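# Report on the structure
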Amino acid sequence: MGAIVNTLAVIAGGVIGLFFSKGIKEKYQHTIMQALGLSTIFIGLGGALEKILLIKQHALSSHGSLLIAISLVLGALIGEFFDIEYQFERLGKWLKAKAKSNDSKFTEAFVSTSLTVCIGAMAIVGSIQDGLVHDPSMLYTKSLLDFIIVIVFASTLGIGSIFAALPILVLEGSLTLFAGALNGILTTTVINNMVMVGNILIVGVGVNLMEAYHIKVANLLPALIIAIPLTYLL
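Residues numbered from 1 in each chain as written. Predicted model: local features only at pLDDT ≥ 70, side-chain atom pairs only at ≥ 80, totals over all residues. Heavy atoms only, no water.

### Here we look at the overall build of the protein
If you tally the helices and strands in the protein, you get eleven helices and two strands. In the protein, the order of α-helices and β-strands from amino to carboxyl end is α-α-β-β-α-α-α-α-α-α-α-α-α. Against the compact-globule benchmark of 17 Å for 234 residues, the protein has a radius of gyration of 18 Å, which places it among compact chains. Counting all 234 residues of the protein, 46% fall into the buried class. Pairs at least 24 residues apart make up 80% of the contacts formed inside the protein by residues separated by at least 6 positions. Just so you have it, the protein exposes about 12,000 Å², and 70% of that area is on carbon and sulfur atoms. (Helix = DSSP H or I, 4+ residues; strand = E, 2+ residues; numbered from the N terminus. Rg over C-alpha atoms; globule rule 2.2 N^0.38 Å. Buried < 20%, exposed > 50% of the residue type's maximum accessible area, 1.4 Å probe, protein only. Contact = heavy atoms within 4.5 Å. Areas by Shrake-Rupley, 256 points an atom, 1.4 Å probe, with all protein chains shown as cover.)

Here it is in structure tokens:
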């Protein structure tokens, strides 16, 4: 039920966000986008630093730098080879055509919102927890957070944000269904490393929302998978 509730929360947040978007004047939208981007950057940084920084013998230390670098580089090579960013955009354009929308920001809204709500810690850990011990509580909490996040995204970026419900359902649903098969592979350390890399990708989403520079975050998504074997190798 966790994935289903999260999907419905994204849809509900998107609908409410669209209602509020009608009252936001165009001159405010750029500044709101920058505020949203800045918030997303710090959400990603906070999640990444939580896994990178450790306290050992009353001293602050860090770990995982090599794993992060290798995961992102190899992930970028794979992502560029398959051009995942382009595939995301194609999906966004297809959904836009099916929705018969004239919103110029539809694809941007779909991609940015999908990446933000799909690759965080709670999506991965919560789905596995729901599948293994049938405890959807973490996904219920995530649903509430996503509900608020998507309200903000939809009010600024438009109707495309609602369609982030599709990848949420596919990703979280798949992880929940196959959690038993993945139980021996996705150890606590592996999950922590995936979360660490995932939060760095969220920082990239935030940078894109600032509209100062574009990072092909979708092309870096394979880094999440690369982090699994690297955890055992390193």
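### Let's talk about the nonpolar core
Within soluble globular proteins, side chains that are nonpolar tend to cluster in buried spots. Of all hydrophobic cores here, the largest spans 49 residues; its most connected members are Phe88, Leu201 and Leu221. At ten residues, helix 10 (residues 188-209) tops the list of elements feeding residues into this core. Once residues within four sequence positions are removed from consideration, Leu221 is found in contact with Ile84, Phe88, Leu115, Ile119 and Leu201. (Core = buried A, V, L, I, M, F, W, Y, C linked by side-chain atoms within 4.5 Å.)

### Brief notes about a nonpolar patch on the surface
A surface patch of nonpolar side chains, about 660 Å² in accessible area, is lined by Met1, Ile4, Leu8, Ile11, Val15, Tyr140 and Leu169. Among the elements that line the nonpolar patch, the one with the most residues is helix 1 (residues 2-21), at four residues. (Patch = residues over 30% accessible without salt bridge, like charges linked within 9 Å, V, L, I, M, F, W, Y side chains within 5 Å. Salt bridge = Lys/Arg side-chain N within 4 Å of Asp/Glu carboxyl O.)

### Things to note about the pairing of strand 2 (residues 59-62)
Walk down a regular strand and you will see the side chains alternate between the two sheet faces. Of the strand pairs in this sheet, strand 1 (residues 53-56) and strand 2 are connected by four bridges, and their pairing is antiparallel. Following the sheet pairing, Lys56 is matched in strand 2 by Ala59. Here strand 1 folds back onto strand 2 in antiparallel fashion, the turn holding two residues, of which Gln57 has a positive phi close to 50°. (Pairing = 2+ DSSP bridges.)

### Focus on the packing of aromatic side chains
Both the distance between ring centres and the angle between the ring planes are used here to describe each pair of aromatic rings. With the rule as written, the count across this model stands at four aromatic pairs. Ring centres of Phe88 and Phe110 lie 6.3 Å apart, and the angle between their planes is 40°; this geometry places the pair in the tilted category. One end of the pair, Phe88, is in helix 4 (residues 84-99); the other, Phe110, is in helix 5 (residues 106-118), and 22 residues separate them in sequence. You can call Phe88 buried: its relative accessible area is 18%. The interplanar angle of 50° and the centroid separation of 5.3 Å between the aromatic rings of Phe106 and Phe163 together place this pair among those described as tilted. Here Phe106, found in helix 5, pairs with Phe163, found in the loop between helix 7 (137-157) and helix 8 (165-177); they are 57 residues apart in sequence, far enough to count as distant. Given the relative accessible area of 25%, Phe163 is considered partly exposed. (Phe/Tyr/Trp six-rings, centres within 6.5 Å; stacked < 30°, edge-to-face > 60°.)

### Focus on the pattern of salt bridges
Any two side chains of opposite charge can pair if their charged atoms end up close together. Taken as a whole and assessed by the stated rule, the structure comprises three salt bridges. Residues Lys216 and Glu80 are paired through a salt bridge, measuring 3.7 Å at the closest nitrogen-oxygen approach. Of this pair, Lys216 sits in the loop between helix 10 and helix 11 (222-233) while Glu80 sits in helix 3 (residues 65-82), placing them 136 residues apart in sequence. Given a relative accessible area of 40%, Lys216 falls into the partly exposed group. The exposure class of Glu80 is partly exposed, given its relative accessible area of 41%. Between Glu172 and Lys142 there is a salt bridge; the shortest N-O distance is 3.1 Å. Highlighted residues: Glu172 in helix 8 and Lys142 in helix 7, separated in sequence by 30 residues. With respect to class, Glu172 is no different from Lys142; both count as buried. Several salt bridges share partner residues, and in doing so they unite Lys142, Asp146 and Glu172 into one network.

### Describing helix 2 (residues 26-52)
Taking 1.5 Å per residue as the helical rise, helix 2 with its 27 residues ought to reach 39 Å, and the 39 Å between its terminal C-alpha atoms agrees with that figure. Every buried residue of helix 2 is accounted for by Met33, Leu36, Gly37, Thr40, Ile41, Gly44, Gly47, Ala48 and Ile52. Turning to helix 2, the residues buried within the fold contact strand 1, strand 2, helix 3, helix 5, helix 7 and helix 10. (Expected span 1.5 Å × (residues − 1).)

### Comments concerning the side chain of Asn208
Position of Asn208 relative to the elements: it lies in helix 10. Excluding anything up to four places from it in sequence, Asn208 contacts Tyr213, His214, Ile215 and Val217.

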